[in-house]
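A look at the structure
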Amino acid sequence: MIPSAFDYYNPASLDEALQMLAEDGENSKVMAGGHSLIPAMRLRLAQPEKIIDIQGLRPHLSYIKEEDGLIKIGAMTTHYQVESSELLKASAPLLPEAAAVIGDVQVRNWGTVGGSLVHADPSSDLPSVMLALDAEMVLTSVKGERVEPALSFFSGILQTTIEPDELLTEIRFKAPAGKKTSYKKLPNKASHYSVVGCAAVVGVADGKITDAALAFSGLAEVPLRFDELENNLVGKSTDAASIEEACKGFASGVDALEDLHGSQDYRRAMAEVFAKRAILAAVSR
Ligand SMILES: Cc1cc2nc3c(=O)[nH]c(=O)nc-3n(C[C@H](O)[C@H](O)[C@H](O)COP(=O)(O)OP(=O)(O)OC[C@H]3O[C@@H](n4cnc5c(N)ncnc54)[C@H](O)[C@@H]3O)c2cc1C
């Protein structure tokens, strides 16, 4: 289908983009790579009156750096940049590992970290990774900056707490120093979106798990963490049998997604399988 008519804007600076959002954010849509927005417009699921194309902000919002004890990623950074970042490979390898299994080469070269997080597709990979890393979203408007934890940012299917006048400008988190990490997913065979995926950040000492942060993609409307599962893992040995025991049935009460790619029961079962795989892969590193 052809999208409904819209006016196109191409701001050259962050200030200009923020001013446009301040003036008419309600009727506007920011476009990063357009990988999700354009299909949504063609299906007329989104019918913005104005498109604010932020490609011109790439030089300012495309970076990966370490500063003030935090890893900072600009919202326009592509999945490929994350996948190939030497800084991230050394200090937060969970992110390059997850970025490397997003879509295909074209998707990774054009899709952006910010676009993926604001689009908040329940089957996308980076929201759960950011949740497991306790990342924060830096949301900027003409009024200034506000910081929202990943834990409260994702509010529903394709919904976040971003306000119409805000731009996601940066994602930041403390590098999980000394932790063992892994991302494992069951990919949709066509798109590679997660039917279910698990991001694991695990502390290990003397062969036992000392702490765990596990977050799941594709399982429910928003990426989820499970306190009971994380607590259950603490003190367990890192062998397969102990991990399997700790993961048993953790997802049985979840209001899981159901679609042609998997029933609720299938997704709950796969969450258990991929939790085990992600933890085992992490602790073996
Ligand atoms: C064929 C295909 C396969 C894919 N497979 C996967 C996969 O396996 N795993 C996965 O995780 N993802 C997958 N994706 C999604 C892809 O990773 C993109 O990151 C995602 O589509 C977002 O695209 P984009 O960055 O171009 O954002 P856009 O499409 O431009 O924007 C998406 C949404 O975010 C908003 N937005 C974008 N940037 C900002 C910002 N900085 N501030 C405020 N709002 C903003 C837009 O207004 C829009 O609502 C796939 C996409 C395609 C097309």
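For every chain, the first residue of the written sequence is number 1, and numbering continues from 1 along that sequence. Residues qualify for local features only when their pLDDT is at least 70, as the model is predicted, and side-chain atom pairs are given and counted only at 80 or more; totals for whole chains, interfaces and linings, by contrast, use all residues. Excluding hydrogens and water, the side-chain values take into account all heavy atoms of the structure.

One finds Leu95, Leu117, Met130, Met137 and Phe173 to be the most contacted residues of the largest nonpolar core, which totals 35 residues. We count a stretch as a helix when DSSP gives it H or I for four or more residues in a row; a strand needs E for two or more, and each element gets its number in order from the N terminus. Among the elements that line this core, the one with the most residues is helix α9 (residues 126-132), at five residues. An automatic or database domain assignment provides the domain bounds reported here. Viewed by domain, this core spans two of them, domain 2 (59-173) and domain 3 (180-283), each represented by three or more residues. Not counting residues up to four positions away in its chain, the partners in contact with Phe173 are Leu70, Ile71, Ile73, Leu88, Ala92, Leu95, Leu133 and Ala135. Counting 30 residues, the second-largest nonpolar core is a separate cluster that includes Leu214, Ala246, Cys247 and Ala278. Definition used in this section: a nonpolar core is a set of buried Ala, Val, Leu, Ile, Met, Phe, Trp, Tyr and Cys residues joined via side-chain atoms within 4.5 Å. Each residue's exposure class comes from its accessible area (1.4 Å probe, protein chains only) as a fraction of the maximum for that residue type: buried when under 20%, exposed when over 50%, partly exposed otherwise. Throughout, a contact is declared for two residues whenever any of their heavy atoms are within 4.5 Å.

Once that is clear, we can look at the pattern of salt bridges. Each reported salt bridge corresponds to a side-chain nitrogen of Lys or Arg within 4 Å of a carboxyl oxygen of Asp or Glu. Applying the stated criterion to the full structure yields 20 salt bridges. Asp134 is paired through a salt bridge with Arg225; the nearest N and O atoms lie 3.0 Å apart. You can see Asp134 sitting in the loop between α9 and β6 (136-141) and its partner Arg225 sitting in strand β14 (residues 224-225), a full 91 residues away along the chain. The class of Asp134 is exposed, set by a relative accessible area of 56%. Note that Lys179 is salt-bridged to Asp211, the shortest N-O span being 2.8 Å.

This part takes up the domain arrangement of the protein chain. The domain boundaries assigned to the protein chain delineate domain 1 (7-57), domain 2 (59-173) and domain 3 (180-283). For domain 2 and domain 3, the distance between their C-alpha centroids amounts to 21 Å. Contact with domain 2, which involves 23 residues of that partner, is made by 24 residues of domain 3. Summed over both partners, the accessible area lost on bringing two parts together, with a 1.4 Å probe, is the buried area. Between domain 2 and domain 3, a total of about 1,800 Å² is buried, with carbon and sulfur atoms accounting for 61% of that surface. The term polar contact refers here to a pair of N or O atoms within 3.5 Å; inside protein, the definition further demands a hydrogen-donor-capable atom paired with an acceptor-capable atom, and it admits residues adjacent in sequence only when both atoms are side-chain atoms. For the pair domain 2 and domain 3, the number of links is twelve residue pairs in polar contact (both at pLDDT 80 or more). Put simply, the parts of the chain that give the side of domain 2 that touches domain 3 at least two residues each are α6 (94-99), α9 and β8 (154-156). Top contributing element to the side of domain 2 that touches domain 3 by residue count: α9, with five residues. Residue polarity follows a fixed list, in which Ala, Val, Leu, Ile, Met, Phe, Trp, Tyr, Cys and Pro are nonpolar, Asp, Glu, Lys and Arg are charged, and the others, Gly among them, are polar. For the side of domain 2 that touches domain 3, the residue count by class is 13 nonpolar, six polar and four charged.

Here an axis means a line fitted to C-alpha atoms, over the contact stretch when the element is a helix, while the angle between two N-to-C directions is reported on a 0 to 180 degree scale. Where helix α12 (residues 240-247) meets helix α13 (residues 264-283), the axes come as close as 10 Å, and the angle between the chain directions of the two elements is 140°. Classified by the interaxial angle, the pair formed by α12 and α13 is oblique. In the crossing of α12 with α13, the sense of the turn from one axis to the other is right-handed. Contact with α12, carried on its side by Ala240, Ile243, Glu244 and Cys247, involves Glu272, Ala275, Lys276, Ile279, Leu280 and Val283 of α13 and no other residues of that element. The residue makeup of the contact of α12 with α13, split by class, is seven nonpolar, no polar and three charged. In these notes the angle categories are as follows: under 35 degrees is roughly parallel, over 145 is roughly antiparallel, 65 to 115 is roughly perpendicular, and the rest is oblique. Should the near helix be turned counterclockwise from the far one by less than a right angle, the crossing is left-handed, whereas a clockwise turn marks it as right-handed.

Here the focus is the pairing of strand β3 (residues 50-53). The side chains of a regular strand alternate between both faces of the sheet. In terms of strand pairing, strand β1 (residues 7-9) meets β3 through three bridges, oriented parallel. If you follow Tyr8 over to β3, its bridge partner there is Ile51. Here, any two strands with at least 2 DSSP bridges between them count as paired. Of the strand pairs in this sheet, strand β2 (residues 28-31) and β3 are connected by four bridges, and their pairing is parallel. Paired with Met31 across the two strands is Asp53, which belongs to β3. Clockwise travel from the first strand over the helix to the second, with the strands pointing away from the viewer, marks a crossover as right-handed. Regarding topology, helix α2 (residues 37-42) serves as the crossover connection from β2 to the parallel β3, and that connection is right-handed.

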